[in-house]
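What follows is the residue order along each chain.
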Amino acid sequence: AERTRRGRLRKAREGRVIRAGMAPFGFRYTEAGEGLLVHEPEMAIVQKIFRYAAEGVGVRAIQARLYSEGILAPKGGRVWGDHMLRRLIANDVYHPHTFEEIARLVTPEVAARLDPDEQYGIQWFNRKRTSQSTITEPDKNGGWRYRRRSTVTLRPKEEWIAVPVPAFLPRALVDRARKALEENSRSFPRKNLARGWELRELVRCSCGSKMRTLTTKTGDGPSYHYYTCGRRRTLGKMCSCTQKSLRSSEVEPLVWDFVSDLLTDPEKIRSGMEALIEQEQATEPRDLEREAKFW
């Protein structure tokens, strides 16, 4: 693994693209897989996204426009994810750099192969550090189960390796799009972060999606807090879910009354536990003596 990593680092320092899965949207790998070529049909969609952003259209509105125009996401889905759109706009592979800017980031051998009159995007390599650890857990058969946990962190920018790729979009368009997206994000700060949401991450919509928290306020009036379908909140009119938002002042006391009533009735808890045990024993044959001994 370490030899492979060193080989990939050497390849990147030589200005060659590291092939990993799909090429960035709007590009195709060269036949040797060590460079990128502009794929104009997809790049036209990328340019449309940047143009919408530069005009001040928000990410959710860009989602809706692409959906209404029938433009499929890179993996064929009908809806472009909002995080996907933000990453696309922030990706330096679409941001043109002058030859002088690129020359400061690459070795002289790589710069010598570039055209001084052209502009280039940058595909960054060695940006992230992935650490893996092994977690041990007991399994249902009385043994042990091992699984790997990965943690990803950003490396210092001095360790990033720049690989030049062809540029297609006008630099002014990319700069305007990024600036407009940043201003949109800054103009809508999150509100009422200190509120204690009793059911955060616990409520699910009838469509299966998690319910998210939402606070609304008009002028100097009072704030209203809701639990709302996460999928509908993300997709808006593109979502088929019909579940209305639930006001926290109504749903939180309702759930608390149900839970407290359950916890203050030992007989109800006992009967419920016995029903769960019978259900589990009926659906899955298990060695109960072995499990008891293990625990």
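What counts and what doesn't
Residues numbered from 1 in each chain as written. Predicted model: local features only at pLDDT ≥ 70, side-chain atom pairs only at ≥ 80, totals over all residues. Heavy atoms only, no water. Helix = DSSP H or I, 4+ residues; strand = E, 2+ residues; numbered from the N terminus. Contact = heavy atoms within 4.5 Å. Phe/Tyr/Trp six-rings, centres within 6.5 Å; stacked < 30°, edge-to-face > 60°. Buried < 20%, exposed > 50% of the residue type's maximum accessible area, 1.4 Å probe, protein only. Lys NZ or Arg CZ within 6 Å of the ring centre and 35° of its normal. 1 Å grid on protein atoms, 1.4 Å probe; cavity = no way out; pocket = protein on both sides within 12 Å on 5 of 7 lines; lining within 4 Å. Points joined across faces, edges and corners; volume = space filled by probe spheres on them. Nonpolar A, V, L, I, M, F, W, Y, C, P; charged D, E, K, R; others polar. Pairing = 2+ DSSP bridges. Arc of directions from axis to C-beta.

Caption draft 1: Here's a closer look at the side chain of Gln123. Here Gln123 is to be found in strand β3 (residues 120-125). Ignoring anything within four residues of it in the chain, the contact list for Gln123 reads Val17, Pro24, Leu36, Ile161, Ala162, Val163 and Val165.

Caption draft 2: Highlighting the packing of aromatic side chains. Summed over the entire model, instances satisfying the criterion amount to seven aromatic pairs. Their ring planes at 85 degrees and their centres at 5.4 Å tell us that Phe25 and Trp80 sit as a pair that is edge-to-face. In this pair, Phe25 is assigned in the loop between α1 (2-13) and β1 (27-29) and Trp80 in the loop between α3 (59-68) and α4 (82-90), connecting sequence segments 55 residues apart. In this structure, Phe25 and Trp80 share a single accessibility class: buried. Through pairs of rings, three or more aromatic residues link up here, namely Phe27, Phe50 and Tyr94. In this arrangement the basic side chain of Arg127 is found over the ring face of Trp160, its NZ or CZ atom lying 4.9 Å from the centre.

Caption draft 3: Structural detail: empty space enclosed by the protein. For the structure shown, the criterion picks out one cavity of 30 Å³ or more. Computed from the structure, the largest cavity encloses a volume of approximately 30 Å³. Forming the boundary of the largest cavity are Phe27, Met43, Val93, Tyr94, Pro166, Ala167, Phe168 and Leu169. Residues that form the lining of the largest cavity fall into these classes: eight nonpolar, no polar and no charged.

Caption draft 4: Region of interest: the sheet that holds strand β9 (residues 246-247). Across the sheet, three strands lie side by side as β7-β8-β9; this open sheet has antiparallel pairing. Looking at strand neighbours, the two that pair on one side only are β7 (211-217) and β9, the edges of this open sheet. Pairing of strand β8 (residues 223-229) with β9 involves two bridges; the strand directions are antiparallel. Bridge pairing links Tyr227 to Leu246 in β9.

Caption draft 5: Examining α3 more closely. For α3, every residue scored as buried is listed here: Val59, Ile62, Gln63 and Leu66. In an axial view of α3, the angular spread of the buried residues amounts to 105 degrees, which keeps them on one side of the axis. Gly70 sits one or two residues past α3 and shows a positive phi near 75 degrees.

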